[in-house]
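The chain contents come next:
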Amino acid sequence: MQFGIFTVSDVTTDPTTGTTPDDTRRVKDILTIAEHADQAGLDVFATGEHHNPPFVASSPTTMLGYLAGRTEHITLSTSTTLITTNDPVRIAEEYAMLQVVSDGRMDLMMGRGNTGPVYPWFGQDIREGVNLAIENYALVRQLWENDVVNWQGRFRTPLQGFTSTPRPLDGVPPFVWHGSIRTPEIAEQAAYYGDGFLHNNIFWPIQHTEQMVGLYRQRFEHYGHGRADQAIVGLGGQFFARKNSQDAWDEFRPYFDNAPVYGHGPSMEDFTAQTPLTVGSPQQVIDRYATMKDHVGHYQRQMFLIDHAGLPLKTVLEQIDILAEDIVPELRKINDEGRPADVPSDPPSHADRVAAAMAAGTAGSDHVAAEDEWTGASV
């Protein structure tokens, strides 16, 4: 099973010192955090995509392309690639380029984001959010899977005889996750394609997560990709840990109270009771996240948000070390227990997908099938 961290790239004042990093410092710190996660032995680093303050991650592929040359083992991913407001042609090109640059050590998560004003900024209508996600991803798939694309849809100009470059590495597109916290149509979309579904449930009770993942698993099996328990699932999470539980609570509380993602709302006591946020000792984090598979089944990727709310870089790097040294080894063992041999322990790697494509005789070839009435896609 994979364990990693993701960033929302917020620029937040440290409430204990009153200092605020500028955008340059924050970007540099995120790069340091990703490199440290690689050195610590974590499996995944992912960045969000935002185009408004107080966030700075406006160009995920630039950041991940740089990290491809600075890291050795860690999978580079996104915790949102905005499928609704980015041109799908650019998504196909940029992530194929990242795939080539990183030698396949990447995947990505498509999402609609959580910032309403971004739609008109990029010439789109938020009321069409789900339809944009469906149509744009259908085009991305065609651009990756077919050497020459003729296409016409609702939301962009038609394409005639268009070839997206570079072509996917080894003729096999990157693995894609679809991220949604509340929209069943996105779970349906992930299931239709046989892609991964990541429920970034950092603000939600586990019962809601259980329902969304359950829908995705049911529809994954319906579309013939395998049994429901073989579907590729990821979860989001948050923690802050110190050796002594009370020390963790005392240190993290001012950051929680001022965090742009949840500050000035429920108390930390209420938030930790109702969402996956866990503040305490490493063992308390282990105990909390060990129960996730009881609700969603055996899953493949667990991501944690730990570099937010104005936490200083030194503290974030310490949290990465606690995660890698004290928490992940135990969670790996717990999540391996009882996993059926034919249920994947990890998402498919590039090598896995190349082998599967070669076995099916589809590596590097065009893929043509009947159009699906739900997604409007040819797979």
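Relevant structure appears above.
Residues numbered from 1 in each chain as written. Predicted model: local features only at pLDDT ≥ 70, side-chain atom pairs only at ≥ 80, totals over all residues. Heavy atoms only, no water.

Enquirer: Any details on the sheet that holds strand S4 (residues 81-82)? Residues and values, ideally.
Expert: In spatial order, the strands read S3-S2-S1-S13-S10-S9-S8-S5-S4; together these 9 strands make up an open sheet with parallel pairing. Where the open sheet ends on each side, the last strands, each with one partner, are strand S3 (75-78) and S4. With 2 bridges connecting them, strand S10 (residues 233-235) and strand S13 (residues 301-305) associate as parallel partners. Paired with Leu235 across the two strands is Gln302, which belongs to S13. With respect to the sheet, helix H12 (residues 313-336) is in contact with strand S1 (2-7) and S13, its orientation differing from that of S1 by roughly 140 degrees. (Pairing = 2+ DSSP bridges. Helix = DSSP H or I, 4+ residues; strand = E, 2+ residues; numbered from the N terminus. Contact = heavy atoms within 4.5 Å. Axes fitted to C-alpha atoms, helices over the stretch in contact; angles between N-to-C directions.)

Enquirer: Lay out a negative patch on the surface in plain terms, naming residues and giving numbers.
Expert: Together, Asp336, Glu337, Asp346 and Asp352 give the surface a local cluster of negative charge. Among the structural elements, Asp336 can be located in helix H12. Its relative accessible area of 44% is what places Asp336 among the partly exposed residues. (Patch = residues over 30% accessible without salt bridge, like charges linked within 9 Å, V, L, I, M, F, W, Y side chains within 5 Å. Areas by Shrake-Rupley, 256 points an atom, 1.4 Å probe, with all protein chains shown as cover. Salt bridge = Lys/Arg side-chain N within 4 Å of Asp/Glu carboxyl O. Lys, Arg positive; Asp, Glu negative; His and termini not counted. Charge placed at Lys NZ, Arg CZ, Asp CG, Glu CD. Buried < 20%, exposed > 50% of the residue type's maximum accessible area, 1.4 Å probe, protein only.)

Enquirer: Residue-level account of the pairing of strand S5 (residues 108-111), with values.
Expert: Here is the key point about a regular strand: its side chains alternate between the two faces of the sheet. Residues of S5 alternate between two faces, with Leu108 and Met110 on one and Met109 and Gly111 on the opposite face, all of them buried. Following the backbone out of S4, through helix H3 (residues 88-101) and into the adjacent parallel S5, one traces a crossover that is right-handed. (Right-handed = clockwise from strand over helix to strand, strands pointing away.)

Enquirer: Any details on the packing of helix H10 (residues 282-289) against H12? Residues and values, ideally.
Expert: Running from amino to carboxyl end, H10 crosses H12 at an angle of 35 degrees, the nearest separation of the two axes being 10 Å. Of the two possible hands of crossing, H10 and H12 adopt the one that is right-handed. Residues Pro282, Val285, Ile286 and Tyr289 of H10 form the contact with H12, whose participating residues are Ile322, Asp326, Ile327, Glu330, Leu331 and Ile334. Split into classes, the residues belonging to the contact of H10 with H12 amount to 8 nonpolar, no polar and 2 charged. (Left-handed = near helix turned anticlockwise from the far one by under 90°. Nonpolar A, V, L, I, M, F, W, Y, C, P; charged D, E, K, R; others polar.)

Enquirer: So what's going on with the nonpolar core? Residues and values would help.
Expert: Formed by 102 residues in total, the largest nonpolar core has its most connected members in Ile5, Leu42, Tyr216 and Phe252. Top element by residues in this core is H12. It accounts for 10 residues. Sequence-distant contacts of Phe252, defined by excluding residues within four places in its chain, comprise Phe240, Tyr262, Met268, Leu277, Val279, His308 and Leu311. (Core = buried A, V, L, I, M, F, W, Y, C linked by side-chain atoms within 4.5 Å.)

Enquirer: Just give me the short version of the environment of Met1, but keep the residues and values in it.
Expert: Within the fold, Met1 resides in the segment before S1. For the pair Met1 and Asp346, spaced 345 residues apart in sequence, the C-alpha separation works out to 5.0 Å. Discounting chain neighbours no more than four positions away, the residues touching Met1 are Asp43, Tyr299, Gln300, Arg301, Gln302, Arg332, Asn335, Arg339, Ser345 and Asp346.

Enquirer: Lay out empty space enclosed by the protein with the relevant residues and their values.
Expert: If you walk through the whole model with that rule in mind, you get 2 cavities of 30 Å³ or more. As a volume, the largest cavity reaches approximately 80 Å³. In terms of lining, the largest cavity is formed by Phe6, Ala46, Ser77, Thr78, Ser79, Met109, Trp177, Leu198, Asn200, Arg301 and Met303. At the level of elements, S3 and S13 are the ones that each hand at least two residues to the lining of the largest cavity. When its residues are assigned to classes, the lining of the largest cavity shows 6 nonpolar, 4 polar and 1 charged. Its boundaries defined by the atoms lining it, the second largest cavity holds a volume of some 60 Å³. (1 Å grid on protein atoms, 1.4 Å probe; cavity = no way out; pocket = protein on both sides within 12 Å on 5 of 7 lines; lining within 4 Å. Points joined across faces, edges and corners; volume = space filled by probe spheres on them.)

Enquirer: Before we move on, can you summarise the side chain of Thr315 with the specific residues and values?
Expert: Within the secondary structure, Thr315 is located in helix H12. With sequence-adjacent residues up to four places away left out, Thr315 is seen in contact with Phe240, Arg242 and Glu251.

Enquirer: Which residues make up the side chain of Arg26, and what values do they have?
Expert: By the secondary structure assignment, Arg26 is in helix H1 (residues 23-40). Of the residues examined, Arg26 reaches a relative accessible area of 6% and is grouped as buried. For Arg26, the contacting residues outside a window of four places in its chain are Thr7, Ser9, Asp10, Val11, Pro21, Ile33, Val56 and Asp307.

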